[in-house]
Protein chains: 2
Amino acid sequence: MKAALIGLGSVGRGVAEMIAKKNPGISITGLADSKSGCICNEGIDIMAVLENKRKTGACGDRTITATDVIEKADYDVLIEVTPTNALTGEPALGYIRAALAKKKHIVTSNKGPIALAFKELSALAHKNGVALRYEATVGGAIPIMHTLEDGLNGNEIIAIYGVLNGTCNYILTRMAAEGLTYEQALTEAREMGYAEADPTYDVKGIDAAIKLVILANTIWGDGTKLADVDMTGIDLLTPDALRLAEEGDCTIRLIAEAIPEKKILRVSPRLMRKNHPLVVEGTLNALTLETDMAKEITLTGRGAGSIETASAILGDILYIRDHYARRD
Amino acid sequence: MKAALIGLGSVGRGVAEMIAKKNPGISITGLADSKSGCICNEGIDIMAVLENKRKTGACGDRTITATDVIEKADYDVLIEVTPTNALTGEPALGYIRAALAKKKHIVTSNKGPIALAFKELSALAHKNGVALRYEATVGGAIPIMHTLEDGLNGNEIIAIYGVLNGTCNYILTRMAAEGLTYEQALTEAREMGYAEADPTYDVKGIDAAIKLVILANTIWGDGTKLADVDMTGIDLLTPDALRLAEEGDCTIRLIAEAIPEKKILRVSPRLMRKNHPLVVEGTLNALTLETDMAKEITLTGRGAGSIETASAILGDILYIRDHYARRD
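This is a predicted model, so every value here is computed, not measured.

J.: Which residues make up the packing of helix 6 (residues 144-151) of chain A against helix 6 (residues 144-151) of chain B, and what values do they have?
T.: One can describe the packing of helix 6 of chain A onto helix 6 of chain B by two numbers: an axis separation of 10 Å at closest approach and a directional angle of 120 degrees. Classified by the angle their axes make, helix 6 of chain A and helix 6 of chain B are oblique. Handedness of the helix 6 of chain A/helix 6 of chain B crossing: right-handed. Residue-level inspection shows A:H146, A:T147, A:D150 and A:G151 of helix 6 of chain A in contact with helix 6 of chain B, the latter providing B:H146, B:T147, B:D150 and B:G151.

J.: Account for the interface of chain A and chain B, with residues named and values stated.
T.: Every contact between the two is made by 39 residues of chain A and, on the other side, 39 residues of chain B. Across the chain A/chain B interface, buried area totals approximately 3,400 Å², and carbon plus sulfur atoms make up 53% of it. Here chain A and chain B share six salt bridges between them. Here B:R302 makes a salt bridge to A:E296, at a shortest N to O gap of 3.1 Å. There are 19 residue pairs in polar contact (both at pLDDT 80 or more) connecting chain A and chain B. Elements supplying a minimum of two residues to the side of chain A that touches chain B: helix 1 (10-22), helix 6, strand 12 (296-302) and helix 12 (306-324) of chain A. It is helix 12 of chain A that provides the largest number of residues to the side of chain A that touches chain B, a total of ten residues. The class makeup of the residues in the side of chain A that touches chain B is 14 nonpolar, 13 polar and twelve charged. Across three bridges, the pairing between strand 12 of chain A and strand 12 (residues 296-302) of chain B is antiparallel. Paired with A:T300 across the strands is B:T298, a residue of strand 12 of chain B.

J.: Describe the nonpolar core, listing the residues and the values that go with them.
T.: Core analysis: the biggest nonpolar cluster contains 147 residues, and A:I171, A:L215, A:I234, B:I171, B:L215 and B:I234 have the highest contact counts within it. Every residue in contact with A:I171, bar those within four places of it in the chain, is listed here: A:Y182, A:A185, A:L186, A:A189, A:V203 and A:I234. Counting residues in each nonpolar core, the second largest holds 33 residues, with B:I26, B:I28, B:V81 and B:L314 among its members.

J.: Can you lay out the side chain of A:S36 for me, pointing to particular residues and giving the numbers?
T.: Position of A:S36 among the secondary structure elements: in the loop between strand 2 (27-32) and strand 3 (37-39). Of note is the side chain of A:S36, whose polar atom sits 3.5 Å from the backbone nitrogen of A:G60.

J.: Give a description of unusual backbone geometry that names residues and reports values.
T.: Note that the residue after A:E90, namely A:P91, is joined by a cis bond; omega there is 0 degrees. Take A:P91: it is sitting in the loop between strand 4 (77-80) and helix 4 (92-101). In this structure, A:K103 takes a positive phi of about 60 degrees despite not being glycine. The topology assignment puts A:K103 in the loop between helix 4 and strand 5 (105-108). The phi dihedral of B:K263 falls on the positive side, at around 55 degrees, and the residue is not glycine. Along the polypeptide, B:K263 turns up in the loop between strand 9 (250-259) and strand 10 (264-273).

Calculation criteria
Residues numbered from 1 in each chain as written. Chains lettered and ligands numbered in written order. Predicted model: local features only at pLDDT ≥ 70, side-chain atom pairs only at ≥ 80, totals over all residues. Heavy atoms only, no water. Axes fitted to C-alpha atoms, helices over the stretch in contact; angles between N-to-C directions. Helix = DSSP H or I, 4+ residues; strand = E, 2+ residues; numbered from the N terminus. Parallel < 35°, antiparallel > 145°, perpendicular 65-115°, else oblique. Left-handed = near helix turned anticlockwise from the far one by under 90°. Contact = heavy atoms within 4.5 Å. Buried area = accessible area lost by both parts, 1.4 Å probe. Salt bridge = Lys/Arg side-chain N within 4 Å of Asp/Glu carboxyl O. Polar contact = N/O pair within 3.5 Å; in protein donor to acceptor, adjacent residues only side chain to side chain. Nonpolar A, V, L, I, M, F, W, Y, C, P; charged D, E, K, R; others polar. Pairing = 2+ DSSP bridges. Core = buried A, V, L, I, M, F, W, Y, C linked by side-chain atoms within 4.5 Å. Buried < 20%, exposed > 50% of the residue type's maximum accessible area, 1.4 Å probe, protein only.

Here's what the structure looks like:
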């Protein structure tokens, strides 16, 4: 199988390295970052390109763009791992539209296009008989979409509850464990590389809400939008709130929840029993799926990281290799 | 798709009811319990048969056996849900061999044949181009095999750690919560219907060890046998042991673990931090998969129950419908 890789940040590098290391029968025939690109239909030596990028800052020819790769390379699946733009979805949205129009399978870690244009993109993929896969957009390495698609196939999903933002979970874990203030815990999270200079996107619950929208659309396909989510962040929580929770053998977690029959679509700090399955520590993510037959299934794992995200992307690529190749 | 259903105990009834209720395009053309059977290649009215069995004790004609159904009915997939015999695997093992020889897909909840004859059965299925699926044998409703097969595809599994026996977990939960002795908690588990009159199979760790063997063979395919498992049960634990654990913010759980590189294959009571992801309450099951890319992924859910087990079986049937049908 041949793949084009767009984006060579930490996720893109992780994917490239894992494909080179594990050799799962995937040949990269085109790749591009924001400044340069290369096309080689016989297969690109990925490790040489990564080494070259480390030395020169470019992954190929500065006259070759991502769009050139998408339009001109010979590939079966587009691996789209450019940075997320939550407002416009661009440039990823355009890349994905262009590749779908050429009847290429899509594997992406990009929350923007999936949260903003899921209906359009999934309809286009369906019409063109190709896969649109985005396991890496929610819960990092945790195989949530695979579980919804196959593992719990036949189940009706009644509700979902998740800890979907590792930055918030780290801050809450540290506030509870050490009695830190929100500001102290945020500073620590920044020092650990878990929080951005501007933490708004994480601490206000926006990132968790975007992931909730992706899950809701995947499960119920009803055109849920970010504006529909009732959102409260963690930035106003005090050490007192966590201390009081602790006294009742509880703690506080930022929970994203969707319960269609109660019209609940919400991200907010919640008081949780400490032995609740969603009470995970540090930067971990967790998701509980409430279903009619299996009842509650909880999945826990790492919500971020270069190789962890590459795990989700590789799982999607191999799913296409194993299940779509058969169809031809 | 047409299915033959062998076994009409609580799991078989659950499967039959869910197929009738959800109508996922599966027609039951043959069914049998230990005393009777029926074949109708146009499709059996399952709810009428279940009603008839409630009234008369028979699911059909007393001259028709499970073997007749397997040999004579027109079906694509055999749903084998008879009671487990951990020593011989029979009669399920014979049923599965016979159906595989006829190039039928297999979906089973039966631990016996999978633990005893995995290598033989999977080779036969592979040779005949059919699926051998057994999600329901380990962890009840938790989609463990799906996660190994697709969700974490591309990952190397380094180690597994699981709480795989709900009876033991219930007893340990109650001993810790109420300071009960092992005997008191066992009596309570019996009253709740969580423990058999003879609890040996559960409390000595045999059931968990059989599930560990199934997982090890699925992941590493190296012919692991029950006799290879180092087994210690929970029947000698005292309330003092649990009280001491509690003082260190820990508790005790019966952990099944396989770590090939350390040559560890063991079921034993282990001291666990209370906030460890495997410390689940009551009859829940949990499994942590330690992998090279995704790192640790933990799955938690119900390990038993008629409808919960039917969820796993239906997931397997739909997987065959969706992925094998395409191949033809």
